[in-house]
Amino acid sequence: MRAFHRHDHPLPAGHPTGTAALTGAMPANIALFDPALEQQAHALGLELLQRAQASRAGASLWRDRLMEWATRDPAFKVQLFRFIDVFPTLQGPQQIHAHLQEYLSQPGVSPPQLLALGLKAGEFFKGATAKAVARQVESMAGRFIAGVDAQAALPRLRELWDQGIAFSIDLLGEACVSDAEAQAYQQRYLDLVRTLPQRIAGWPAQPVLERDHLGPIPRANVSIKISSLSARIKPEDFEGSVQRLLEALEPILQAAAQHRVLINFDMEQHALKDLTLELFMRCCQQFDFPAGIALQAYLRSGEQDAQRLIDWAGRTGRQVTVRLIKGAYWDYEVINAQRLNWPVPVWTRKRDTDACFERMAARFIQQIPTSPDAGGAHLALGSHNVRSIAAALALLEKRGLPTSAIEVQMLHGMAEPLKAAIIERGLRLREYVPVGQVIPGMAYLVRRLLENTSNESWLRAGFHDQAPAEVLLASPHIQSDAGDAASQPSQAQLHQLSPAVPGLGDGEPFLNEPTRDFADEAQRRAFAAAIAEARVPTVARDATPEQARDAVARAQQAFPAWRDTPVLERARLLLRTASLMRQRRDELAGVMIREAGKTWREADADVCEAIDFCEYYARQAVRLLEPHRLGRFTGELNEHWYQPRGVAAVISPWNFPLAICTGMTSAALVCGNATIVKPAEQTPGIAQLMCELMWQAGVPRDALQYLPGLGETIGAALVRDPRVAIIAFTGSKAVGLDILQAASHVAPDQPFIKRVVCEMGGKNAIIVDESADLDEAVLSVRQSAFGFAGQKCSACSRVIVVGAAREPFLRRLVGSTRSLRVGDPLDPATDVGPLIDEEAAAKVRSYIEIGKQEGRLELAMETPPGLEERVGKPFVAPHIFSDILPHHRLANEEIFGPVLAVMSASDFEEALAIANATTYKLTGGVFSRTPSHLDLARQRFRVGNLYLNRGITGALVGRQPFGGLGLSGVGFQAGGGEYLLQFVEPRSCCENTLRRGFSPEL
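Residues numbered from 1 in each chain as written. Predicted model: local features only at pLDDT ≥ 70, side-chain atom pairs only at ≥ 80, totals over all residues. Heavy atoms only, no water.

Draft legend 1. Expanded view of the overall build of the protein. The secondary structure content of the protein amounts to 35 helices and 28 strands. The globule rule puts the C-alpha radius of gyration for 1002 residues at 30 Å, and the 32 Å found for the protein is close to it. Relative to its 1002 residues, the protein shows a buried fraction of 60%. Put simply, of all contacts in the protein between residues at least 6 apart along the chain, 79% involve residues at least 24 apart. Counting only carbon and sulfur atoms, one obtains 52% of the accessible surface of the protein, whose full area is about 37800 Å². Both charge centroids of the protein, one from 105 positive and one from 112 negative side chains, sit 2 Å from each other. (Helix = DSSP H or I, 4+ residues; strand = E, 2+ residues; numbered from the N terminus. Rg over C-alpha atoms; globule rule 2.2 N^0.38 Å. Buried < 20%, exposed > 50% of the residue type's maximum accessible area, 1.4 Å probe, protein only. Contact = heavy atoms within 4.5 Å. Areas by Shrake-Rupley, 256 points an atom, 1.4 Å probe, with all protein chains shown as cover. Lys, Arg positive; Asp, Glu negative; His and termini not counted. Charge placed at Lys NZ, Arg CZ, Asp CG, Glu CD.)

Given below as structure tokens:
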């Protein structure tokens, strides 16, 4: 993911944040400044504000008609910016007009009258409207983006220089999804660093811009994003990522040293923060180049990050520049943290970010070097907030340093009146100037538009709404007693997955177990140590059919006592199991890595899902199984309840050997069924550990039995035993259909009809239309197809690309997939691990040969030599075939491996028809920015789990109940509110309470 710095980010009023956001909250009533310093900051701010408001520089951004409309109507603004996001992909006036209509006809949106008339007019006026809007969008893009490349931007840069404004060039571009794209970015940076100094050498001298308090500073300044230089930045592979980036940066930094170009490392999302800091410090120690880095004040760790850099500079004697900014990813960081149930890493009130900015500035100003030989950080204030700038100037004056000791940095195309005031006061000003094509620059443009129109934008308040100076210059350091997440809903209120149950789990509602944040060094190291020590348990030899019959007999005998155990107690045992799993979660992940070949993230997510099943089903069961009254009729008591079915056989798969096994087992047990677990023969070790944890939690051994063995013998014996009342199975279609057929037979002495919960296979498709965001689509398809080597029933095995999107999508997908690393799953650098066994590998290889006959082989990755011997499992590297037609075997048959078929469709409806053509109906996805296409997919894409503009794997308990239609399975979806109904039988009772005319109710 790539984005761009939003120095004064908008914070939507009432934006929801989790209770985790309180972590690290500031103490109340902090006052950074003494009264005299605060008075000086206010005076300096007032001076700058008055200069700016008196300036006619740049006039107003709101002269743009669309922007003026957007500031007045929030609903219109949302749809307008969504249209602007998709605008570069649209071909001609017809598509532009059609998308305008789609976005601006959404419920609650009222386009301005002139635009509304244009949207309803005849063909000629439709074209005129589309062209007029296109000109407006292109004009706005031109305001913020200086040119398609550095050469085209030179005239604009020269204009800035002549006005007394320095610059830092930022290369806009698509997200880097392949090694080829990373190399292209590297070359663009190299060309810029080598040629820019020559192009600007002859410009007239500007002493204010070319010197600070210690001497000359570089004219040329280039900002880089590390995410553009490698397609394989993985926080879990921290050291490997740093080394790859060092290698990519080496020629750039050597050229920067030679040509005296300052290279500024931009700061991106929080997950890359520590990696960026470490990389920056290592680069500074290895290469003698003018160096700068951005730090974000909206992070709760902002002050610690600042001090870390200050201490490092002091130890090493290195001088660097720090671009202190507010931050560009606020919305993403909050939403991502809520989605993962992680602590929110950013401040959730704008004034807390502003206060942190000033505290960080104070730390940097305190240590600004006063000698060319002293190590330290030079401060660049990246802000459009007059108060923030004035506070730093007051601190600078207090220390007795000249204004040349710092510089102010602002975004190109914004805050022109404030820039004029900064220049008039004699401060050094530098613009952050993006250059690039409109399509890759659109994300940047949307962020700039959001910033300008936000209700909490300082620019809007200062120059559009004309807020009073007392408001604009108010100190952010006087806090209320409430924390910065006060009055915000909790995570549980946000998700409402499963309410709290009295007497269960301390009354806590269900929240998904957070996966490990591998960007956190402590979690990364602990996980690595645990999986290194983990060992797969030694499993007793396979059971015999006689032992299976004995197990059923014991389960049948244990059933009455377990059935009569109060549901609240059974639920508590599941919560204890979840707690024990948490205590050993990294060890459990390590066992799966070794036994099933899962990579770090896949194994960690498997454990989290197992914990989720225990927690979620415990809460669901208590509410479901308690008797409840139906209606209130005098003289009549109607009650309804559920009872367990009896003996349950759980036959679990190897691809989610803990999560699915735990899900089916915990559901059967909490409903009161005596349960026998028959795990897949490939992964008996992790299933044994699951049973041991449940026994340790207090589940009786006869109520839960572990029975490893072959499916053909033990599985078949359990399925056909007349005493087994319910069979819970997840696996292949062939086995599932056999189970359904066998279970349909009623033996002479069988007192019930068996219930079968059967989850089978998938032949899942993702549709990518011409309006799709290819940055997102490529990475999501790649992960959905090749995560866990494609060994998921939910995996993407078909991608259907509409029209002109085919060639760019296929090219980028092949390049992106080629960058994946096939390797040992114990290695955090590995993206694609082994297949489960040789039988599975042989099947996948046979389909590769079929694909060579049916379509065109676009990619055939190789397995590194000696890897299979080292790991002890077979490997098949990712393969991609194109030109696959709907009748081909590769389009219809489940492969269960890293083989992807790329298909073509002329329009979206044809793509839907192709997607629906198989007998499997498990998962499906659509990447589109056309609202009508998303609506059509909801109506017609016949799958159990539909995902829009995201990958199609990784369903979460309680949030995406999982299960398919057609030949993908029968029954209610796992992890959903109805799933437990399959493990119980309904009962009702009607009592006549009237006795000789007397009713207790009366």
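Draft legend 2. Quick peek at the packing of helix α14 (residues 350–366) against helix α15 (residues 386–399). Contact pair α14 / α15: the axes reach a minimum separation of 10 Å and the direction vectors enclose 25°. Judged by the inter-axis angle, α14 sits roughly parallel to α15. When you trace α14 past α15, the crossing you get is right-handed. Seen from α14, the contacting residues are Phe 357, Glu 358, Ala 362, Ile 365 and Gln 366; seen from α15, they are Arg 387, Ser 388, Ala 391, Ala 392, Leu 395, Leu 396 and Arg 399. (Axes fitted to C-alpha atoms, helices over the stretch in contact; angles between N-to-C directions. Parallel < 35°, antiparallel > 145°, perpendicular 65-115°, else oblique. Left-handed = near helix turned anticlockwise from the far one by under 90°.)

Draft legend 3. Layout of the environment of Arg 940. Looking at the secondary structure, you find Arg 940 in helix α35 (residues 931–940). Residue classification places Arg 940 among the partly exposed residues on the basis of a relative accessible area of 37%. With 196 residues separating them along the chain, Arg 940 and Ser 744 place their C-alpha atoms 32 Å apart. Here Glu 909 takes part through its side chain, which lies 3.2 Å from a polar atom of the side chain of Arg 940. (Polar contact = N/O pair within 3.5 Å; in protein donor to acceptor, adjacent residues only side chain to side chain.)

Draft legend 4. Quick peek at helix α26 (residues 659–670). Between its first and last C-alpha atoms α26 spans 16 Å; for twelve residues at 1.5 Å apiece the expected length is 16 Å, and the two agree. The complete set of buried residues in α26 reads Ala 659, Ile 660, Cys 661, Thr 662, Gly 663, Met 664, Thr 665, Ser 666, Ala 667, Ala 668, Leu 669 and Val 670. (Expected span 1.5 Å × (residues − 1).)

Draft legend 5. Spatial organisation of the sheet that holds strand β11 (residues 628–629). Read across the sheet, three strands follow the order β11-β12-β28 without closing on themselves; strand pairing throughout is antiparallel. One side of each edge strand has no neighbouring strand; the edge strands of this open sheet are β11 and β28 (984–992). In this sheet, strand β12 (residues 636–644) lies alongside β11 in antiparallel orientation, the contact comprising two bridges. Residue pairing across strands places His 628 opposite His 640, the latter belonging to β12. (Pairing = 2+ DSSP bridges.)

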